[in-house]
2 protein chains.
Amino acid sequence: MPLERLSMNLATVREQWTFEEAVVGCREAGIATIAPWRDQLEHCGIARARRLISDYGMSISGLCRGGFFPYDGARERRAAVDDNLRAIEEAAAIGAGCLVLVCGGLPAGSRNIAGAREQIEELISKILPEARSAGVPLGIEPLHPMYAADRSCVNTLAQANDLCDLLGEGVGVVIDLYHVWWDPRLSGEIARTGEAGRILGLHLCDWLVPTRDLATDRGMMGDGIIDIPLVRGWVDRAGYKGACEVEIFSALNWWKRPAGEVLEVAKQRFVSVC
Amino acid sequence: MPLERLSMNLATVREQWTFEEAVVGCREAGIATIAPWRDQLEHCGIARARRLISDYGMSISGLCRGGFFPYDGARERRAAVDDNLRAIEEAAAIGAGCLVLVCGGLPAGSRNIAGAREQIEELISKILPEARSAGVPLGIEPLHPMYAADRSCVNTLAQANDLCDLLGEGVGVVIDLYHVWWDPRLSGEIARTGEAGRILGLHLCDWLVPTRDLATDRGMMGDGIIDIPLVRGWVDRAGYKGACEVEIFSALNWWKRPAGEVLEVAKQRFVSVC
């Protein structure tokens, strides 16, 4: 894929760089699009982050992340809504292409996944008017089923599309290959997402064999078994022309390497593998 | 659930007991139904295993496992077929209720999951006449999507049902809650499996939060977040009246405890939780 479409998701270098270092480092590496995480912005300060983004002419493909909606009681519900409203403000403040939603798993002590899924729909619907007003599209990211208990009960692209059908304008989908590559219905659901005009992002990394940790053993594109060109072709044909984020959680490998090296390898693989 | 329906899958005590010890130990614990693994039978010797089963009056709910079908080349294809034909013979020899199929992941070096899925269908179709002749139902067990690369490309109950539709008589489905609990289509697909009269087994364990290992950190029923009574109710209403196997891969906990203790806890939880 041409390098112009690369966005560096800053989770990929979160152990090495602050937000400011990442802006400077990406610019030096010729990368003009990034996707920060809220804790990185907070550490930098949002006003200062805005200035850096402007001074360095960076585009923000998405802000990670809103979500974690399921709640146990009124206090948790309010906290989830408030936190997501702040996330919408922050996304608007930095001109993010979307706010990525990691929708959240089961509330503590709960075994009610159907209920958690209803709460997710309820609270996205609740924050949606503010997102629309702020001009911030909400990007539901289906997460791999191995995260259903503790990170997101939205586990297939079909589910994310069904949610979007219910919620209407202002909500779309972020497709992360790591989470969806295994899905037998993937090509059809990517086409459906595209037809509805709701692909808000594409995240790239690879599935390693063996995978030694559920959360932080993701691979660089080309090092695993995902047929990235195949799936990217489906996303292309579905009409997506936006940024493609390289997002790699890798405590066992890439987080241990110098960030400049990680960026160089990511760039090479983006062009040669993706 | 009444204790009469409990079957002890011998993976649960594989680090503690040989097949013979497990037969004796289960009998002493009042458990008359078991599901052995082929390596356990091989270690015992199949003729001796048959005698033990007969002497102790044990029922065999299923034999684990056939499968691992996807191949890279004619030699691997033949080896997969031969191994599965042997598994069918062994299942027949011990009077197993079914041969459980863990269908296999990607061949080494492959990224072609659609191709692997076609090979699975092809080779089940290939061994099916022998399974029918031997009176051994083949039980396709959908595995959690986190095993799609290395253990099974059959990752949802819908997929297993679709395969059964294509393959016809002699093939059914084994439902393991660990693998399917997260699936938003679960209740409908369980009903579909039941309507077709093809539920060949129900495996029980629990999903721990956090899960510290992809393969061997499964939980005892009640220790995790699966709503076991809910899903078991769906399986009941789908008409399943057979054995319910307790199958727990737990290098971090249960494999380290005395097998007698594991059986006692499993029995208690089977009655109180399931």
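Residues numbered from 1 in each chain as written. Chains lettered and ligands numbered in written order. Predicted model: local features only at pLDDT ≥ 70, side-chain atom pairs only at ≥ 80, totals over all residues. Heavy atoms only, no water.

Caption draft 1: Highlighting unusual backbone geometry. Residue and element names in this part refer to chain A. Following C64, the chain continues to R65 via a peptide bond in cis, the omega torsion being -5°. Positionally, R65 belongs in strand β4 (residues 63-67). At F68, a residue that is not glycine, the phi angle is positive and equals roughly 45°. If you trace the backbone, F68 turns up in the loop between β4 and α4 (74-93). (Helix = DSSP H or I, 4+ residues; strand = E, 2+ residues; numbered from the N terminus.)

Caption draft 2: Region of interest: the environment of A96 of chain B. Residues and elements named next belong to chain B. Among the secondary structure elements, A96 is positioned in the loop between α4 (74-93) and β5 (99-102). Sequence separation between A96 and E247 is 151 residues, and the spatial gap between their C-alpha atoms is 16 Å. Each residue touching A96, except ones within four places of it in the same chain, is listed here: I60, G62, L63 and A91. (Contact = heavy atoms within 4.5 Å.)

Caption draft 3: Focus on the nonpolar core. Membership of the largest hydrophobic core comes to 187 residues, with the highest contact counts inside it found for I140 of chain A together with I140 of chain B. Excluding residues that lie within four positions of it along the chain, I140 of chain B makes contacts with L101, C103, I124, V154, A160, L163, C164, L167, V171, G172, V173 and V174 of chain B. (Core = buried A, V, L, I, M, F, W, Y, C linked by side-chain atoms within 4.5 Å. Buried < 20%, exposed > 50% of the residue type's maximum accessible area, 1.4 Å probe, protein only.)

Caption draft 4: Representation of the environment of E15 of chain B within the structure. Locating E15 of chain B in the fold gives a position in the loop between β1 (6-9) and α1 (19-28). Between the alpha carbons of E15 of chain B and K256 of chain B there is a distance of 7.7 Å; along the sequence they are 241 residues apart.

Caption draft 5: Spotlight on the packing of aromatic side chains. Summed over all chains, the structure comprises nine aromatic pairs over all chains. Judged by centre distance (5.9 Å) and plane angle (75°), the ring pair of W37 of chain B and F249 of chain B falls under edge-to-face. Taken together, the residues span a long stretch of sequence, with W37 of chain B in the loop between β2 (33-35) and α2 (38-44) and F249 of chain B in the loop between β9 (244-246) and α10 (259-272) at a distance of 212 residues. As far as the burial class goes, W37 of chain B and F249 of chain B line up, both buried. Between W181 of chain B and W207 of chain B the ring centres are 6.0 Å apart and the planes differ by 45°, which places this aromatic pair in the tilted class. Within this pair, whereas W181 of chain B is found in the loop between α7 (177-180) and α8 (186-195), its partner W207 of chain B is found in the loop between β8 (199-204) and α9 (228-237), the two being separated by 26 residues in sequence. A residue is classified by how much of its surface remains accessible, and W181 of chain B, at 6% relative accessible area, is buried. Chaining the aromatic ring pairs together yields one cluster made of W37, F249 and W255 of chain A. For the cation-ring pair, R257 of chain A lies above W254 of chain A, with the distance from its terminal atom to the ring centre recorded as 4.2 Å. (Phe/Tyr/Trp six-rings, centres within 6.5 Å; stacked < 30°, edge-to-face > 60°. Lys NZ or Arg CZ within 6 Å of the ring centre and 35° of its normal.)

Caption draft 6: A look at α9 of chain B. All names here are of chain B. The set of residues buried in α9 consists of I228, V231, R232, G233 and V235. Packed against the buried residues of α9 are β7 (171-176), α7, α8 and β8. In the stretch just after α9, G239 is the one whose phi turns positive, near 100°.

Caption draft 7: Examining the side chain of Q40 of chain B more closely. With respect to the secondary-structure elements, Q40 of chain B resides in helix α2. Separated by 3.1 Å, the side chain of Q40 of chain B and the backbone oxygen of L10 of chain B make a polar contact. (Polar contact = N/O pair within 3.5 Å; in protein donor to acceptor, adjacent residues only side chain to side chain.)

Caption draft 8: Molecular detail of the relation of the copies chain B and chain A. Note on the copies: chain B fits chain A at an RMSD of 0.0 Å, the axial shift is 0.0 Å, and the rotation between them is 180°. What the superposition gives is, in effect, a two-fold axis relating one chain to the other. In this assembly, 100% of the residues forming the interface of chain B have copies in chain A that are likewise at the interface, indicating an isologous arrangement. (Least-squares fit on C-alpha atoms with pLDDT ≥ 70 in both.)

Caption draft 9: Structural view of α4 of chain A. Here α4 of chain A is 20 residues long and its end C-alpha atoms lie 29 Å apart, about the 28 Å a rise of 1.5 Å per residue gives. Among the residues trailing α4 of chain A, G95 of chain A stands out with phi positive, at a value near 65°. (Expected span 1.5 Å × (residues − 1).)

Caption draft 10: A look at the sheet that holds strand β8 (residues 199-204) of chain A. Residues and elements named next belong to chain A. With respect to topology, nine strands assemble into an open sheet ordered β3-β2-β1-β9-β8-β7-β6-β5-β4, the strand pairing being parallel. At either margin of the open sheet sits one strand with a lone partner, and together these are β3 (59-60) and β4. Judged from the four bridges that link them, strand β7 (residues 171-176) and β8 form a sheet pairing that is parallel. When the bridges of β8 are listed, V173 appears paired with I199. Of the strands in this sheet, β6 (138-140) and β7 touch helix α6 (residues 157-167), which is tilted by about 170° from β7. Across the sheet, helix α10 (residues 259-272) is in contact with β1 (6-9), β8 and β9 (244-246); its angle to β1 comes to roughly 145°. (Pairing = 2+ DSSP bridges. Axes fitted to C-alpha atoms, helices over the stretch in contact; angles between N-to-C directions.)

Caption draft 11: Representation of the interface of chain B and chain A. Contacts between the two partners involve 29 residues from chain B, matched on the other side by 29 residues from chain A. Counting each side, the surface lost to burial between chain B and chain A is near 2300 Å², with a carbon and sulfur contribution of 67%. The interface formed by chain B and chain A contains zero salt bridges. Taken together, the links from chain B to chain A amount to six residue pairs in polar contact (both at pLDDT 80 or more). For the side of chain B that touches chain A, a count of residues per class yields 14 nonpolar, eight polar and seven charged. (Buried area = accessible area lost by both parts, 1.4 Å probe. Salt bridge = Lys/Arg side-chain N within 4 Å of Asp/Glu carboxyl O. Nonpolar A, V, L, I, M, F, W, Y, C, P; charged D, E, K, R; others polar.)

Caption draft 12: Summary view of the sheet that holds β5 of chain B. Residue and element names in this part refer to chain B. Strands sit in the order β3-β2-β1-β9-β8-β7-β6-β5-β4 across an open sheet of nine strands; the sheet is parallel. Bordering the open sheet on either side are β3 (59-60) and β4 (63-67), each of which pairs with just one other strand. Direction of pairing for β1 relative to β2: parallel, over a ladder of two bridges. Its bridge partner being in β2, M8 is matched across the sheet by I34. Strands in contact with α10 are β1, β8 and β9; relative to β1, the strand with the most contacts, it is inclined by about 145°.

Caption draft 13: Broad picture of the packing of α4 of chain B against helix α5 (residues 113-134) of chain B. Residues and elements named next belong to chain B. Contact pair α4 / α5: the axes reach a minimum separation of 10 Å and the direction vectors enclose 25°. On the basis of the axis angle, α4 is roughly parallel to α5. The interaxial crossing formed by α4 with α5 has right-handed handedness. Residues R77, A80, V81, N84, L85, I88 and A92 of α4 touch α5, and the partners they reach there are E122, L123, K126, I127, E130, A131 and A134. Of the residues belonging to the contact of α4 with α5, the class tally is nine nonpolar, one polar and four charged. (Parallel < 35°, antiparallel > 145°, perpendicular 65-115°, else oblique. Left-handed = near helix turned anticlockwise from the far one by under 90°.)

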